[in-house]
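# Breakdown of the fold
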Amino acid sequence: MVTLKEIARMAGVSPATVSRVLNQDPTLSVMDDTRQRVLRTAQELGYQTVQQRYQAAHQQEAPEPPIWEKRIGIAQMFETQQLLEDIYYLMLKNVLDEVCFARHWSTCTLLRNEEGHFVKNDDLPLDGIVAIGRFTQGEIDDFHRYTQSLVFLDSTPDEEKYYSIVPNYQLAVRQVLQCLWKHGYERIAYLGSVYTFGPKKELTMDPRFYYYKNTLRERGCFEEDLVLDCEMNSASSYALMRAYLSEGKKLPGAIFAASDVVAPGLLRALREFGFQVPRDVGIITFNNTSLSRLAQPPLDSVEVFLRENADSAAICLEQLWQKKTHPKQIIISCRLEERGSVRDQ
């Protein structure tokens, strides 16, 4: 039987791209010639998608129903444009796709319709849904229309009902602050949203800010003026930092940026005012995506281990299929990746 890996190797793309092309994923952005090359390769090798095999089987008079591979729905909190701005969730979905393919599970994307309900574009059943991000109760009810096997990545909507996987935010913030204290920084600012979407998509205090604030309070060095509250996007961080510096306020010794996505705006504002990293200010970000790795200069960042998160989601689905329905929360460890954006004071 032809596999997605074989098609990917011959077409010169990743298995995730192959699956998303064959399943007509509307969030995928690839060149037309790449899309046609994947389709042509799949056709030449005689590969059939789950839907094609399902249709073919039901056109035959088989004495027994066929045994199908598992089919997983994936739902994203963000819309397409937001995913392009905050690539962490897009990367998490791609890794989850790869984890499913390794288990011979197919995936399909659940999207919001005009009424805001999550739907899929076919009538095939789902064996489970992995929901990435935070969702309202109404959106969670949408998922239950397709399956009772639900797993949440990066949120815990109800610890008494659902399996969930979340990063260890407390550990991450402790690693950040201990690193900055080790280098001699005392005035440490927080840049990012103070209030973000909570487990059921209601506004609540962001866990990164919560642990930042309380840890500094315990140390007796929390300063309200060093809370730089902005939306989690580059435009907002740029506008806030530019206004902060324009007012002549003293630059903090270091800045903890709650997400990589705010880093480009932060760095741009600092450059425009003649400040350099780490000469004038140290910076550590969160998520460790290409936005921190490829920044100038490269930034220290907290790695949240996408593969481990996705693997845990798959394990949770397998537990649910075995009727082990008692809910569990898996907390994934983090690690600070140091690249030299902080230095001894």
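This one's a predicted model, so the numbers in the text were calculated from it and none came from an experiment.

### Here's the deal with the sheet that holds strand β1 (residues 71-76)
Taken together, the seven strands give an open sheet; going across it, the order is β3-β2-β1-β4-β5-β6-β14, and neighbouring strands pair in mixed fashion. A strand with exactly one partner marks an edge of an open sheet, and here the two such strands are β3 (118-119) and β14 (329-332). Bridging between strand β2 (residues 106-112) and β3 involves two bridges; their strand directions are antiparallel. Each residue of the ladder has a partner; that of Arg112, found in β3, is Phe118.

### Side note on helix α3 (residues 32-45)
In a regular helix each residue adds 1.5 Å, so 14 residues correspond to 20 Å; α3 covers 20 Å between its end C-alpha atoms and thus fits that length. Within α3, burial applies to Thr34, Val38, Thr41 and Ala42. Each buried residue of α3 lies within a common arc of 100 degrees when the element is viewed along its axis, so the set occupies one face. Within α3, the exposed residues directed more than 90 degrees away from the buried face are Asp32, Asp33, Gln43 and Glu44. Summarising the contacts, the buried residues of α3 are in contact with α1 (4-11) and α2 (15-22).

### Points about the environment of Asp344
Position of Asp344 among the secondary structure elements: in the segment after β15 (335-337). Separated by 66 residues in sequence, Asp344 and Pro278 have C-alpha atoms that sit 9.5 Å apart. Apart from residues lying up to four places away in sequence, Asp344 is in contact with Lys182 and His183. Separated by 2.8 Å, the side chains of Asp344 and His183 make a polar contact.

### Side note on the sheet that holds strand β13 (residues 300-303)
A sheet is described by the order of its strands in space; here six strands give the open sequence β10-β7-β11-β12-β13-β15, paired in mixed fashion. The sheet is open, and its two edges are formed by β10 (227-229) and β15, each paired on a single side. Averaged over all pairs of adjacent strands, the angle between strand axes in this sheet comes to 20 degrees, irrespective of strand direction. Packed on one face of the sheet, helix α10 (residues 234-246) meets β7 (188-192), β10 and β11 (254-257) and runs near 135 degrees to β10. Lying on the sheet, helix α11 (residues 263-272) is in contact with β7, β11 and β12 (282-287); it crosses β12 at an angle near 165 degrees.

### Let's talk about the pairing of β13
Bridge count for β12 against β13 is four bridges, and the pairing is parallel. Note that in β13 the partner of Thr285 across the bridge is Ser301. Direction of pairing for β13 relative to β15: antiparallel, over a ladder of three bridges. The partner of Val302 across the bridge, within β15, is Leu336.

Rules used in this analysis
- Residues numbered from 1 in each chain as written.
- Predicted model: local features only at pLDDT ≥ 70, side-chain atom pairs only at ≥ 80, totals over all residues.
- Heavy atoms only, no water.
- Pairing = 2+ DSSP bridges.
- Helix = DSSP H or I, 4+ residues; strand = E, 2+ residues; numbered from the N terminus.
- Expected span 1.5 Å × (residues − 1).
- Buried < 20%, exposed > 50% of the residue type's maximum accessible area, 1.4 Å probe, protein only.
- Arc of directions from axis to C-beta.
- Contact = heavy atoms within 4.5 Å.
- Polar contact = N/O pair within 3.5 Å; in protein donor to acceptor, adjacent residues only side chain to side chain.
- Axes fitted to C-alpha atoms, helices over the stretch in contact; angles between N-to-C directions.

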